Amino acid sequence: MSIDLLSAVLRDTGLSRRLLDLSALSPDCALRFPCDRSIGLHVVLRGNVVLHAPELDEPLRLSGGDIAVMSRGHPHVLSLRPALDGQRVEDIDMQRTVALDAFSAVGASGVSGGSGASVAPPETDAVVLSGAYQFWHTPLHPFFAELPVWAVLRAADMPRLGPLALAGGLLVEELREAEPGAEIITHGLLDLLFTYALRQLISRRAATSVGWSLAVQDPTVGRAVALMHGDPSHPWTLEELAKRVGLSRTALAERFREAMGDTPLNHLRVVRMQRAMQLLAQTRHSLEAVAAAVGYKDAFGFSKVFKRTVGLSPKAFRQQDAAERQDPWRLSAG
């Protein structure tokens, strides 16, 4: 089975539509990103920026070309100063549509490997492009628990012809020119940067710690994980998974725990409940249909596992989701 596991994880978690924001920062005003249900990134297109967040020991200093990747649930502020005292702090408008053609008025230095900081003209101290990828419901999948609170990909460390630098350069050009179709292309390039950034984080994590990122790079364990993600409705057993990947039950269980830090069947439960959350939130399928879609023979057994895992019954979860759909911070699906 061939399956793109990162795409499957993002899909099953209920990725909402992207928010694109282009911000020109000035010394007297800082910009707050208060939504605590998103992951995303900031790309510094011009100038030097300081990122403030309660969980940071000290503010993060970002230069032109740097990319800051934010894990889920971390309100924060962007400014030009190392301290927020004396500055006006404004909330980002999550509902507004960004005028991409306004970018030509503020200019950009671009994202290019090894470029380091850039110097902005007096009228525009810094320009930052921000993308939010929202998961309204707390993700169950271990990948999200593994993400660092903040990770910075430095322009100076990016190969000039590497994918991050090239995608960033294309993004800057698209914003500068504002040609027909710029909105579609710009969103696509931002997605590209986001995905390449996640790849980098997976590689970093796999090199240092046990977990999902390490497990999916193990050929045997990764195949077992792919089987579960590819068909969560199948009545998987440890014996069948082991047979499909060419190991004994004991060998798979030991190798899986060494790489993932979990058992195969417990990971299967997480995958199924993550998919169930998406189906309950985004479809009107009956409880019986949702149970069958994630590998349970009856709604009663499914409901017991769902409540034990999520903390709410499927019915209560669906009611809560419906009640929160008008929340102003919730992005529409897409």
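In what follows, the structure referred to is the one given above.
All figures in this text were calculated on a predicted structure; none of them were measured in a lab. (Residues numbered from 1 in each chain as written. Predicted model: local features only at pLDDT ≥ 70, side-chain atom pairs only at ≥ 80, totals over all residues. Heavy atoms only, no water.)

Draft legend 1. Seen up close, the packing of aromatic side chains. The full count for this structure, using the stated rule, is seven aromatic pairs. Members of the aromatic cluster, connected to one another through ring pairs, are Phe135, Phe143, Phe144 and Trp212. The aromatic ring of Tyr296 is capped on one face by Arg272, whose charged end is 5.6 Å from the ring centroid. (Phe/Tyr/Trp six-rings, centres within 6.5 Å; stacked < 30°, edge-to-face > 60°. Lys NZ or Arg CZ within 6 Å of the ring centre and 35° of its normal.)

Draft legend 2. How the structure looks around the pairing of strand β7 (residues 76-79). Of the two faces of β7, both are covered, the one formed by His76 and Leu78 as well as the one formed by Val77 and Ser79. Where strand β4 (residues 49-52) meets β7, three bridges bridge the pair, whose relative direction is antiparallel. Within β7, the position partnered with Leu51 by the bridge is Leu78. (Buried < 20%, exposed > 50% of the residue type's maximum accessible area, 1.4 Å probe, protein only. Helix = DSSP H or I, 4+ residues; strand = E, 2+ residues; numbered from the N terminus. Pairing = 2+ DSSP bridges.)

Draft legend 3. Representation of the nonpolar core. If you look at the biggest cluster of nonpolar residues, it comprises 52 residues, and the most contacted ones within it are Ile67 and Phe143. It is helix α5 (residues 182-206) that contributes the most residues to this core, eight residues altogether. Among all residues touching Phe143, those that are not within four sequence positions of it are Leu6, Val9, Leu198, Ile202, Trp212 and Ser213. Membership of the second largest hydrophobic core comes to 18 residues, among which are Val44, Leu51, Ile92 and Ala126. (Core = buried A, V, L, I, M, F, W, Y, C linked by side-chain atoms within 4.5 Å. Contact = heavy atoms within 4.5 Å.)

Draft legend 4. Looking closely at the environment of Ser38. Relative to the helices and strands, Ser38 is located in strand β3 (residues 38-46). Note on Ser38: relative accessible area 3%, which makes it buried. Sequence-distant contacts of Ser38, that is, excluding residues within four places in its chain, are made with Met70, Ser71, Arg72, Gly73, Ala132, Tyr133 and Gln134.

Draft legend 5. Structural context of helix α4 (residues 163-177). Over its 15 residues, α4 runs 21 Å from end to end, which matches the ideal 21 Å to within 8%, given 1.5 Å per residue. Among the residues of α4, Leu164, Ala165, Ala167, Gly168, Leu171, Val172, Glu174 and Leu175 are the ones counted as buried. Following α4 by one or two positions, Ala178 has its phi on the positive side, about 50°. (Expected span 1.5 Å × (residues − 1).)

Draft legend 6. Quick look at the pattern of salt bridges. Taken as a whole and assessed by the stated rule, the structure comprises nine salt bridges. Put simply, Asp66 and Arg154 hold a salt bridge, and the shortest N to O gap is 2.8 Å. With Asp66 in the loop between β5 (60-62) and β6 (67-70) and Arg154 in the loop between β10 (150-153) and α4, this residue pair connects regions lying 88 residues apart in the sequence. Owing to a relative accessible area of 29%, Arg154 belongs among the partly exposed residues under this scheme. One network of salt bridges, in which partners are shared, links Arg11, Asp12 and Arg275. (Salt bridge = Lys/Arg side-chain N within 4 Å of Asp/Glu carboxyl O.)

Draft legend 7. Inspection of helix α9 (residues 249-260) at higher detail. Compared with the 16 Å implied by 1.5 Å per residue over twelve residues, the 16 Å span of α9 between its first and last C-alpha is a close match. For α9, the full list of buried residues reads Leu252, Phe256, Ala259 and Met260. Around the axis of α9, the buried residues are gathered within 80° of arc, so they sit on the same side. Away from the buried face of α9 by more than 90 degrees, exposed residues Thr250 and Glu258 are located. Those residues of α9 that are buried lie in contact with α6 (212-215), α7 (219-230), α8 (238-245) and α10 (264-282). Downstream of α9 by a residue or two, Gly261 has a phi angle that is positive, lying close to 80°. (Arc of directions from axis to C-beta.)

From the geometry alone we can't say anything about function, so treat these as descriptive.
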